[in-house]
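The residues making up each chain are set out below.
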Amino acid sequence: MLVLTLVLAAVGFALLVAALTTGSVIWAWGCILVCVLGAVLLLASALSMRRPDEDSAPPPGRHAKR
């Protein structure tokens, strides 16, 4: 999913360059839409990596030694 986010960032940059060189608002809106989609994917990826695995959790009832 991170690779897709990187690709969307590159496409957004290309659309930004196209919007600036042609002066077209359509390209600018396309850039905004692609960048928002990339940001949503990046946020979803970051949140999915934060979830702790059930296997890595310590067993219940065990306390750390002092």
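Structure: above.
Bear in mind the structure is a predicted one, so any value in this text is a computation, not a measurement.

Scoring rules and cut-offs
Residues numbered from 1 in each chain as written. Predicted model: local features only at pLDDT ≥ 70, side-chain atom pairs only at ≥ 80, totals over all residues. Heavy atoms only, no water. Helix = DSSP H or I, 4+ residues; strand = E, 2+ residues; numbered from the N terminus. Buried < 20%, exposed > 50% of the residue type's maximum accessible area, 1.4 Å probe, protein only. Contact = heavy atoms within 4.5 Å. Disulfide = S-S within 2.5 Å. Patch = residues over 30% accessible without salt bridge, like charges linked within 9 Å, V, L, I, M, F, W, Y side chains within 5 Å. Areas by Shrake-Rupley, 256 points an atom, 1.4 Å probe, with all protein chains shown as cover. Salt bridge = Lys/Arg side-chain N within 4 Å of Asp/Glu carboxyl O. Core = buried A, V, L, I, M, F, W, Y, C linked by side-chain atoms within 4.5 Å.

Asker: Help me understand the environment of Val34, please; the structure alone is not making it clear to me.
Answerer: Here Val34 shows up in helix α2 (residues 25–50). The exposure class of Val34 is buried, given its relative accessible area of 16%. The spatial distance from the C-alpha of Val34 to the C-alpha of Val11 is 7.3 Å, given a sequence separation of 23 residues. With sequence-adjacent residues up to four places away left out, Val34 is seen in contact with Leu8, Val11, Gly12 and Leu15.

Asker: Is there a simple way to explain the side chain of Ser45 in this structure?
Answerer: Note on placement: Ser45 falls in helix α2. When near neighbours in sequence (up to four residues on either side) are disregarded, Ser45 contacts Met1 and Leu2.

Asker: Hey, could you run me through the state of the cysteines in this one?
Answerer: A disulfide bridge is the covalent bond that connects two cysteines by way of their sulfur atoms. Going through the model one piece at a time under the given rule, you end up with zero disulfides. There is no disulfide at Cys31, and the cysteine sulfur nearest it, in Cys35, is 4.1 Å away. The partly exposed category is assigned to Cys35, whose relative accessible area is 38%.

Asker: Looking at this structure, I do not really get a nonpolar patch on the surface. What am I missing?
Answerer: Side chains of Val25, Trp29, Ile32, Val36 and Val40 sit close together on the surface and give an oily, nonpolar patch of about 490 Å² of accessible area. Relative to the elements of secondary structure, Val25 occurs in helix α2. Owing to a relative accessible area of 52%, Val25 belongs among the exposed residues under this scheme.

Asker: Before we go on, may I ask you to explain the nonpolar core in this structure?
Answerer: Generally speaking, soluble globular proteins have nonpolar side chains that are buried together. Membership of the largest hydrophobic core is limited to five residues, which are Leu8, Leu15, Cys31, Val34 and Leu41. Only α1 (2–22) and α2 provide two or more residues apiece to this core. Here this core takes three residues from α2, the largest share from any one element. Other than its neighbours up to four places away in sequence, Leu15 contacts Trp27, Gly30, Cys31 and Val34.

Asker: I tried to follow the side chain of Thr5 on my own but got confused; where do I start?
Answerer: The residue Thr5 is located in helix α1 in this model. Leave out the neighbours within four places in its chain, and Thr5 touches Gly38, Leu41 and Leu42.

Function-wise, these values are silent; they only describe arrangement.
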